[in-house]
Amino acid sequence: MNTQDQVIAILAEQAMVAPADVTPDSTLEGLGIDSMGAVEVIFAIEETFDIAVPFNANTPSEAGFDISKVSSIVAGVERLRAEQG
Amino acid sequence: MKRVVITGAGTVNALGLSVPETLAAMREGVCGIRPLAFRDVERLSIRIGAQVQGFDADARYTRGELALYDPFTQFTLSAAREAIAQSGLTFAGDLADRAGVVLGTAGGGISTGDDSYRAVYAEGKNRVHPFVVPKLMNSAAASHVSMTWNLRGPSFTVSTACASSNHAMGQAFSMIRSGMAPVMITGGAESMLCFGGVKAWEGLRVMSADACRPFSANRNGMVQGEGAGVFVFEDYDYAKARGAEILCEVVGFAMTSDASDIVMPSQDGAARAMRGALADAGIDREDVGYINAHGTGTAANDRVECAAVTEVFGDHAKDLLISSTKSMHGHIIGGTGAVELLACIMALRDGVVAPTIGYEAPDPDCALDVVPNVARDARPEVALSNAFAFGGMNAVLALRRA
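Note that the coordinates shown come from a computational prediction; the quantities given were computed from them, not determined experimentally. (Residues numbered from 1 in each chain as written. Chains lettered and ligands numbered in written order. Predicted model: local features only at pLDDT ≥ 70, side-chain atom pairs only at ≥ 80, totals over all residues. Heavy atoms only, no water.)

Quick word on the overall build of chain B
Put simply, the rule reads: The numbering of helices and of strands both runs from the N terminus, where a helix is a DSSP run of H or I of at least 4 residues and a strand a run of E of at least 2. Radius of gyration: over C-alpha atoms. The globule rule applied is 2.2 Å multiplied by the number of residues raised to the 0.38 power. Throughout, a contact is declared for two residues whenever any of their heavy atoms are within 4.5 Å. Accessible surface area values rest on a Shrake-Rupley calculation with a 1.4 Å probe, where residue burial reflects the displayed protein chains alone.
Looking only at helices and strands, one finds 15 helices and 14 strands in chain B. The C-alpha radius of gyration computed for chain B amounts to 20 Å, which stays within 12% of the reference 21 Å derived for 402 residues, consistent with globular compactness. Reported as C-alpha extents along the three principal axes, the dimensions of chain B are approximately 65 × 55 × 40 Å. Residue pairs in contact within chain B that sit at least 24 positions apart in sequence constitute 78% of those at least 6 positions apart. Accessible area of chain B: about 14400 Å², with a carbon and sulfur share of 52%.

The structure is reproduced here in structure tokens:
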């Protein structure tokens, strides 16, 4: 699985939908993932990719890691893997 | 002052996953103590306990709920569902705004903490699940009960070690009596049966490695259990007006502090608590037909408790029945008084006094009628439920037949 497929699998699991229903343009909000769910998604991303994601729920837009939609999460994961790998 | 009655009861414990199952087991003198089954148990010197059996958490709760529910919360919510269903209450409008939850627990989410420590210390992980804090906090179970049933009035958690649920139920009683709330969901839960939980208890050297034998001359310690007991406490007039079935009445409550030792019990503290509950209820000691003992099965507790009962009840101490159901469901620590209240309800409502099982030899220091091994038919008018905690915090409830 490439990074995008893995991210989609994590989000689909969290949203309890089929991976086929998650696209690069899907947003967390659109998938029905609330702020608590988002924290679980970040935990799963850290575990899966063995990276530390800089994210503070108080200031999500300042995190340097855009979790608003699938494509931005994938880009963030690939950047962190390059930096932290 | 308002009168207070119990209109619903629920439980999960080693004897059963409901009140009818639990009472049937108590009548039959079933022992819920078995070999412990959990990770790393082979590294313990104490390997028995009264674990809940057949509780399928995955069938009862969604995955999202389980991410937030430690076992002590899972047990509480199942017990609360049974109790609230029996009461027939639904919470909306003014009732919802005034009804609340007060529960007891000593340790809260012990296994959640244990799993997280294992991950970061033993397994070298650098992160734990994001919901560790809301899952392990002592008030989590009370919060989830309030959220699940829309209880919007006063809610909190009481923690007084082995007396936690009696202190909690005493608060619920006082709140309804004073008019602060018409209905309170109350009781308590504990889930310490995990490696770290039992390992900590081993250190005190008060646990039995083979059986719980309260009041028996050959007793050699306590055995831990787990589970929850939850009740609907209700203003008598409110219950009457809606035609609710009344399981029994709560008539008195007292709490005392030994102010002496962090683990050793005190005859004076226990006696003052029992005497206080009788005075609060305005009943004569001769009216008490049954005492559900704290009865842990330790050398010290059972000797001191029997001496306190003799001090308070005088000649009547020989006539009343006193039993320890911990011999069957184990010591459920912060939830134990709640599960034991079921034995009081059975005595008052059904006329059956639960036995003290595992009784093998009389102890002259415990020369009372401890209902050895076999349940007894009796018609007590009033029952007491004793809880005497580490740290000398004592709480006794008095209940009367409906």
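Considering the domain arrangement of chain B
How large an interface is tends to be reported as the accessible area lost when its parts come together. Residue and element names in this part refer to chain B. Spelled out, the test is: Domain segmentation is taken from an automatic or database assignment of domains. Once two parts are put together, the accessible area they lose, assessed with a 1.4 Å probe and summed over both, is termed the buried area. By salt bridge we mean one thing: a side-chain nitrogen of Lys or Arg within 4 Å of a carboxyl oxygen of Asp or Glu. Nitrogen and oxygen atoms within 3.5 Å of one another constitute a polar contact, given that in protein one can donate a hydrogen and the other can accept it, and given that sequence-neighbouring residues count only through two side-chain atoms. Under the scheme applied here, ten amino acids are nonpolar (Ala, Val, Leu, Ile, Met, Phe, Trp, Tyr, Cys and Pro), four are charged (Asp, Glu, Lys and Arg), and all others, including Gly, are polar.
Under the domain assignment, chain B is made up of domain 1 (4–241) and domain 2 (251–400). Taken together, the contact between domain 1 and domain 2 spans 62 residues of the former and 65 residues of the latter. Each partner contributes to the roughly 4600 Å² buried at the junction of domain 1 and domain 2, and carbon and sulfur atoms together form 69% of this total. A per-residue breakdown of the area domain 1 buries against domain 2 is headed by M26, C162 and F215, which together make up 19% of the total. Our count for the contact surface shared by domain 1 and domain 2 stands at 4 salt bridges. At the junction of domain 1 and domain 2, the tally comes to 20 residue pairs in polar contact (both at pLDDT 80 or more). Contributing elements (two or more residues each) for the side of domain 1 that touches domain 2: β1 (4–13), α1 (19–28), α9 (164–177), β6 (183–190) and β7 (227–235). In terms of residues, the side of domain 1 that touches domain 2 owes the most to one element, α9, which gives 9 residues. Residue classes in the side of domain 1 that touches domain 2 are distributed as 31 nonpolar, 25 polar and 6 charged.

What to know about the pairing of β7(B)
Residue and element names in this part refer to chain B. Note the following rule: Burial classes follow relative accessibility: with a 1.4 Å probe on protein chains only, a residue under 20% of its type's maximum area counts as buried, one over 50% as exposed, and anything between as partly exposed. A pair of strands counts as paired when DSSP detects no fewer than two bridges linking them.
Where burial is concerned, most of β7 is hidden: 9 out of the 9 residues are buried. Side-chain alternation along β7 places G227, G229, F231, F233 and D235 on one buried face and A228, V230, V232 and E234 on a second face that is also buried. As defined by bridge partners, β1 adjoins β7 across 9 bridges and the pair is classed as antiparallel. Bridge pairing links V12 to A228 in β7. Here 8 bridges tie β6 to β7, and the two strands are oriented antiparallel to one another. Looking at β7, one finds that I185 is bridged to V232.

As for the pattern of salt bridges
Residue and element names in this part refer to chain B. By the definition in use, this model includes 25 salt bridges over all chains. Between D115 and R118 there is a salt bridge; the shortest N-O distance is 3.5 Å. With a gap of 3 residues between them, D115 and R118 both fall in helix α6 (residues 110–122), about one helical turn apart. Classification of D115 as partly exposed rests on a relative accessible area of 47%.

Looking at the interface of chain A and chain B
Residue-level contacts link 11 residues of chain A with 9 residues of chain B. Buried surface at the junction of chain A and chain B, summed over both partners, amounts to about 930 Å²; 56% is from carbon and sulfur atoms. Of all residues in chain A, A:M36, A:E40 and A:F43 bury the most surface against chain B, accounting for 51% of the area lost on that side. Among the ionic pairs, B:K125 bridges to A:E47, the shortest N-O distance being 3.2 Å. Elements represented by at least two residues in the side of chain A that touches chain B include exactly α1 (3–15) and α2 (35–49) of chain A. Among the elements that take part in the side of chain A that touches chain B, α2(A) stands out by supplying 6 residues, more than any other. When the residues that make up the side of chain A that touches chain B are grouped by side-chain class, the tally is 6 nonpolar, 1 polar and 4 charged.

Side note on α9(B)
Residue and element names in this part refer to chain B. For clarity, the threshold we go by: One fewer than the residue count of a helix, multiplied by 1.5 Å, yields its expected span.
Along its 14 residues, α9 runs 20 Å from first to last C-alpha, staying within 8% of the 20 Å computed at 1.5 Å per residue. Of all 14 residues in α9, 12 are buried, a share of seventy percent or more. Buried residues of α9: S164, S165, N166, H167, A168, M169, G170, A172, F173, M175, I176 and R177, and no others. At the exit of α9 stands G179, carrying a positive phi of roughly 90 degrees.

Structural notes on the packing of aromatic side chains
All names here are of chain B. Using the following cut-off: Between the rings of Phe, Tyr and Trp (Trp by its six-membered ring), a pair exists once the centres lie within 6.5 Å; its type follows the angle of the planes, with under 30 degrees stacked, over 60 edge-to-face, and the other angles tilted.
Evaluated as defined, the whole model comprises 4 aromatic pairs over all chains. Ring centres of Y61 and Y69 lie 5.2 Å apart, and the angle between their planes is 90 degrees; this geometry places the pair in the edge-to-face category. Neither residue differs from the other here; Y61 and Y69 are each classed as buried. Ring plane angle 15 degrees and centroid distance 5.8 Å describe the contact between Y117 and Y121, whose orientation is recorded as stacked. One end of the pair is Y117 and the other is Y121, both in helix α6 and 4 residues apart, which spans about a single turn. In this pair, the class of Y117 matches that of Y121, namely exposed.

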